[in-house]
Amino acid sequence: MGNDTIYAVARVRSKELSLLTRQDIDQLLSCKTYDECLRILHDKGWGTGGEETSAEALLSAEEEKTWAFIREITEDLSPFRVLLIPTDYNNLKAAVKCVVTDTEPHNVFLPGGTVDPEIMMRCVRENDFSPLPPSMAEAADNAYHTLLHTGDGQLCDVILDRACLSEVQSAGKEAGHELLSQYAELLVAISDIKVAMRACRTGKNREFLDSALAPCTTLDMVELAAAACKAPEDVFAYLSSTPYSHAAEEMKISYSAFEKWCDDQVIELIRDQKSNPFTIGPLFAYVLARRNEISSVRIILSGKLNHLDADMIRERMREMYV
């Protein structure tokens, strides 16, 4: 372990002191209005100092600040590819659909990916995907021609979503760090469960499931697909024999309860990094902790905008890292 890593972890430890605590969340929940929430967040240093009134502008600024900090303390962002790949594929979906539908790409790209969206747009327009990473290029070519010839946007999404998950899985294994590998496995498994449940409830056939589910080590794709071709209860029954038995129980309650469970699992996964000073694990954990608190603030602001009861919002609150 080099001094650079020690320095980076020390900087992260300092930054962790400004992460939102459960008390901070309770303070936001007690706010009477959306505007009051924004004032408290601005007082805590959220945003760019421009007194943003839009929740998305505020939250986007926080996401950008997170990555700016990581770039400041480490030159090697390759271990973080497992977090950035989904952004790339989201942008690739947007690029393919904009070109095929001849639509200008206004506010459709997310910041922070590893590939410039303008390069993606050019690749699709010119039908030349060679400037993209090989695995992404193959999926982009397939998705583009599928959408062009069938007009099936969902099938286009399936192609790119599966490719995204496969690349996340590979990136997690290649990172050479157990935390990153475990996170990639968890992300792929959770995504597969979501796909299986949606497919089950909308009556998708086995062919669709086989094309949409991405292999992972903690789930058997054959058994999951077979269960999803039957009924939700069969999916729950299969999951009860896997490490995701609690996911099934939460899904029986509601989809929002399941989503909360998913996010809480990520926090449980990274908790040990608070006492790990010797690897890039704490840096990775900090990014995930920031994403978690941004997600929690998004839920609160959305609830305040829609005049939801504080107790109803509180039920959806995620576990906090600190």
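Each value, and the rule that gives it
Throughout this description, residue numbers start from 1 for each chain and increase along the sequence as written. Owing to the predicted nature of the model, reporting of local features is limited to residues with pLDDT of at least 70; listing and counting of side-chain atom pairs is limited to 80 or more, with chain, interface and lining totals taken over all residues. The side-chain numbers reported here are obtained from all heavy atoms of the structure, hydrogens and water having been left aside. In this analysis, rings of Phe, Tyr and Trp, with Trp reduced to its six-membered ring, are considered paired at centre separations within 6.5 Å, and the interplanar angle assigns stacked below 30 degrees, edge-to-face beyond 60, and tilted for intermediate values. Consider the ring centre and the ring normal. A charge sits over the ring if Lys NZ or Arg CZ is within 6 Å of that centre and within 35 degrees of that normal. Secondary structure follows DSSP: runs of H or I at least 4 residues long count as helices, runs of E at least 2 residues long count as strands, and numbering of each begins at the N terminus. Only protein chains enter the accessibility calculation, which uses a 1.4 Å probe; a residue whose area is less than 20% of its type maximum is buried, one above 50% is exposed, and one in between is partly exposed. What makes a nonpolar core is a set of buried Ala, Val, Leu, Ile, Met, Phe, Trp, Tyr and Cys residues whose side-chain atoms join them at distances within 4.5 Å. The contact rule is simple, with two residues in contact once any of their heavy atoms fall within 4.5 Å. This arc is built from the directions going out from the helix axis to the C-beta atoms. Throughout, the protein atoms alone are placed on a 1 Å grid, and a set of points is a cavity if a 1.4 Å probe fits but cannot get out or a pocket if it is open with protein on both sides within 12 Å along at least five of seven lines; lining residues have an atom within 4 Å of a point. Grid points are joined across faces, edges and corners, and a volume is the space filled by probe spheres set on the points. By definition, a salt bridge exists where a carboxyl oxygen of Asp or Glu is found within 4 Å of a side-chain nitrogen of Lys or Arg. With axes taken as lines fitted to C-alpha atoms, and helix axes fitted only over the stretch in contact, angles between N-to-C directions fall between 0 and 180 degrees. Angles are sorted into four bins: roughly parallel if under 35 degrees, roughly antiparallel if over 145, roughly perpendicular if 65 to 115, and oblique for all others. Whether a crossing is left-handed or right-handed is set by the direction in which the near helix is turned from the far one by less than a right angle, anticlockwise for left-handed and clockwise for right-handed. For this classification, the nonpolar set comprises Ala, Val, Leu, Ile, Met, Phe, Trp, Tyr, Cys and Pro, the charged set comprises Asp, Glu, Lys and Arg, and every other residue, Gly included, is treated as polar.

> I would appreciate a short explanation of the packing of aromatic side chains in the present structure.
For any pair of aromatic rings, geometry is given as the distance between the ring centres together with the angle between the planes. Scanning the entire structure with this criterion turns up seven aromatic pairs. The rings of W67, F80, Y183 and F284 are connected pair by pair, giving a single aromatic cluster. Against the face of Y321 rests K274, its NZ or CZ located 5.1 Å from the ring centre. The cationic tip of R290 hangs over the ring face of W46; the distance from NZ or CZ to the ring centre is 5.5 Å.

> Please clarify how the environment of F80 should be interpreted in this entry.
Looking at where F80 falls in the secondary structure, it is placed in the loop between α4 (55-73) and α5 (81-100). Relative accessible area serves as the criterion here: at 1%, F80 is assigned to the buried category. Taking C-alpha positions, F80 is 9.2 Å from V287, a pair spaced 207 residues apart along the chain.

> It is not clear to me how the nonpolar core should be interpreted in this structure. Could you clarify?
Most often, soluble globular proteins keep nonpolar side chains buried together rather than apart. Residues L83, Y89, L92, L132, L219 and F284 are the most contacted members of the largest nonpolar core, which totals 89 residues. Here the element with the most residues in this core is helix α9 (residues 178-201); it accounts for 14 residues. Setting aside chain neighbours within four positions, we find L219 in contact with A189, D192, I193, L224, Y238, L239, T242 and Y244. Formed by 22 residues, the second largest nonpolar core is a distinct cluster that contains L29, L41, L58 and I300.

> Any chance you could explain the environment of N292 here in plain terms?
One can find N292 in helix α15 (residues 281-305). Residue class for N292 comes out buried when judged on its relative accessible area of 7%. Separated by 25 residues in the primary sequence, N292 and M317 have C-alpha atoms spaced 10.0 Å apart. Filtering out sequence-adjacent residues up to four positions away, N292 remains in contact with D263, I267, R318, E319 and M320.

> Can you walk me through helix α12 (residues 232-239) in this structure?
Owing to its 3.6 residues per turn, the α-helix aligns residues three or four sequence positions apart on the same side. All buried positions along α12 are accounted for by V235, F236, Y238 and L239. Considered in projection along α12, the buried side chains sweep an arc of 160 degrees and stay on one side of the axis.

> Mind showing me how you'd approach the layout of surface pockets here?
The gaps left among the atoms become clear once a water-sized probe is rolled over them. One number sums up the size of the largest pocket: a volume of about 1,700 Å³. Taken together, 48 residues make up the lining of the largest pocket; nearest its centre are P86, Y183, L187, K194 and R291. Mapped by element, the contributors of at least two residues to the lining of the largest pocket are α4, α5, α8 (153-174), α9, α10 (206-212), α14 (255-270) and α15. In terms of residue count, α9 provides more of the lining of the largest pocket than any other element does, nine residues in total.

> So what exactly am I meant to see when it comes to the pattern of salt bridges here?
Following the criterion strictly, the structure yields 19 salt bridges and no others. We note a salt bridge from E249 to K252, for which the minimum N-O separation is 3.3 Å. In this pair, E249 and K252 both sit in helix α13 (residues 245-253), three residues apart, roughly one turn of the helix. A salt bridge links D263 to R318, with the shortest nitrogen-to-oxygen separation between them at 2.7 Å. Here the residue D263 occupies a position in helix α14, and R318 occupies one in the segment after α16 (310-314), the gap between them amounting to 55 residues. For R318, a relative accessible area of 7% translates into the label buried. Residues participating in the shared-partner salt-bridge network are E62, K65, R290 and E293.

> What is the right way to look at the packing of helix α1 (residues 3-16) against α4 in this model?
Interhelical geometry of α1 versus α4 gives an angle of 150 degrees and a closest axis separation of 9 Å. Here α4 runs roughly antiparallel to α1, going by the angle between their axes. As for how α1 packs across α4, the hand of that crossing is right-handed. Within the contact between the two elements, α1 uses A8, R11, V12 and K15 and α4 uses F69, E72 and I73. A per-class count over the contact of α1 with α4 returns four nonpolar, no polar and three charged.

> Honestly, the packing of α9 against α12 in this entry has me stumped. Any pointers?
Angle between the axes and distance between the axes: these two values describe a pair of packed helices. Two elements in contact, α9 and α12, have axes separated by 9 Å at closest approach and are oriented at 155 degrees. Taken together, α9 and α12 sit at an angle that is classed as roughly antiparallel. Taken as a pair, α9 and α12 cross one another with a handedness that is right-handed. Contact residues: I193, M197, C200 and R201 in α9; P232, V235, F236 and L239 in α12. Here the residues of the contact of α9 with α12 sort into seven nonpolar, no polar and one charged.

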